[in-house]
Amino acid sequence: MTTAATTIETQLKDILADHLVLGVGELASITPDTKLADLGADSFDGIELALWIEDEFDIDIEAEVELHDLTFSQIVNLVMKSADSPNRKS
């Protein structure tokens, strides 16, 4: 795993902890295959999380992407891909 991916994972876990009010045990149990829905996120949470992630990483997430159905590793990859995109916000 790259340093960039590790940094993104840490930042995403912080966002999840704040938004979904996750405890230390719940954060520690997040694996690459954990879906946000497994952490209690519904579609509304997914929309809010997308906005928070967009602000944190200065990226755009397509409106069709339903974060609550994605795994943690899919979200990390989405952020990495969007951060490298020439269409990035900044």
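Look above for the structure.
Here's what I pulled together on the structure shown here. Only a predicted model underlies this, so the values are computations on that prediction, with no experimental measurement involved.

A look at the packing of helix H1 (residues 3-20) against helix H3 (residues 43-57)
Argument step 1. Packing of H1 against H3 leaves a shortest axis separation of 11 Å and a crossing angle of 135 degrees. The orientation of H1 with respect to H3, classified from their angle, is oblique. You can see that H1 and H3 cross each other, and the crossing is right-handed. Residues Ile8, Gln11, Leu12, Ile15, Leu16, Asp18, His19 and Leu20 of H1 pack against Asp45, Glu48, Leu49, Trp52, Ile53, Glu56 and Phe57 of H3.
Argument step 2. Counted by class, the contact of H1 with H3 contains 9 nonpolar, 2 polar and 4 charged residues.

What to know about the side chain of His68
Argument step 1. Within the secondary structure, His68 sits in the loop between H3 and helix H4 (72-83).
Argument step 2. Sequence-distant contacts of His68, that is, excluding residues within four places in its chain, are made with Lys35, Leu36, Ala37, Ala41, Asp42, Ser43 and Gly46.

Regarding unusual backbone geometry
Argument step 1. Even without glycine at this site, Val21 takes up a positive phi of about 50 degrees.
Argument step 2. A residue is classified by how much of its surface remains accessible, and Val21, at 67% relative accessible area, is exposed.
Argument step 3. In the Ramachandran plot, Asp58 falls in the positive-phi region, its phi being about 55 degrees despite a non-glycine side chain.
Argument step 4. Tracing the backbone through its elements, the reader meets Asp58 in the loop between H3 and H4.

Here we look at the side chain of His19
Argument step 1. By the secondary structure assignment, His19 is in helix H1.
Argument step 2. The buried category is assigned to His19, whose relative accessible area is 15%.
Argument step 3. Reaching out from His19, the side chain makes a polar contact with the side chain of Asp45 at a distance of 3.3 Å.
Argument step 4. Reaching out from His19, the side chain makes a polar contact with the side chain of Glu48 at a distance of 3.1 Å.
Argument step 5. Excluding residues within four positions of it along the chain, His19 makes contact with Asp45, Glu48, Leu49 and Trp52.

Brief notes about the packing of H1 against H4
Argument step 1. Contact geometry of H1 with H4 gives a least axis separation of 10 Å together with a crossing angle of 115 degrees. As for how H1 packs across H4, the hand of that crossing is right-handed. Side by side, H1 and H4 meet where Ala5, Ile8, Glu9, Leu12, Lys13 and Leu16 of the first sit next to Phe72, Ile75, Val76, Val79 and Met80 of the second.

A word on the nonpolar core
One recurring pattern in soluble globular proteins is that nonpolar side chains are buried together.
Argument step 1. Counting 26 residues, the largest nonpolar core has Leu12, Leu16, Ile53 and Leu67 as the members making the most contacts within it.
Argument step 2. The dominant element in this core, judged by the number of residues it contributes, is H1, at 7 residues.
Argument step 3. Leu16 has contacts with Val21, Leu22, Ile30, Leu36, Leu39, Leu49 and Phe72, leaving out every residue within four places of it along the chain.

Conventions adopted
- Residues numbered from 1 in each chain as written.
- Predicted model: local features only at pLDDT ≥ 70, side-chain atom pairs only at ≥ 80, totals over all residues.
- Heavy atoms only, no water.
- Axes fitted to C-alpha atoms, helices over the stretch in contact; angles between N-to-C directions.
- Helix = DSSP H or I, 4+ residues; strand = E, 2+ residues; numbered from the N terminus.
- Parallel < 35°, antiparallel > 145°, perpendicular 65-115°, else oblique.
- Left-handed = near helix turned anticlockwise from the far one by under 90°.
- Contact = heavy atoms within 4.5 Å.
- Nonpolar A, V, L, I, M, F, W, Y, C, P; charged D, E, K, R; others polar.
- Buried < 20%, exposed > 50% of the residue type's maximum accessible area, 1.4 Å probe, protein only.
- Polar contact = N/O pair within 3.5 Å; in protein donor to acceptor, adjacent residues only side chain to side chain.
- Core = buried A, V, L, I, M, F, W, Y, C linked by side-chain atoms within 4.5 Å.

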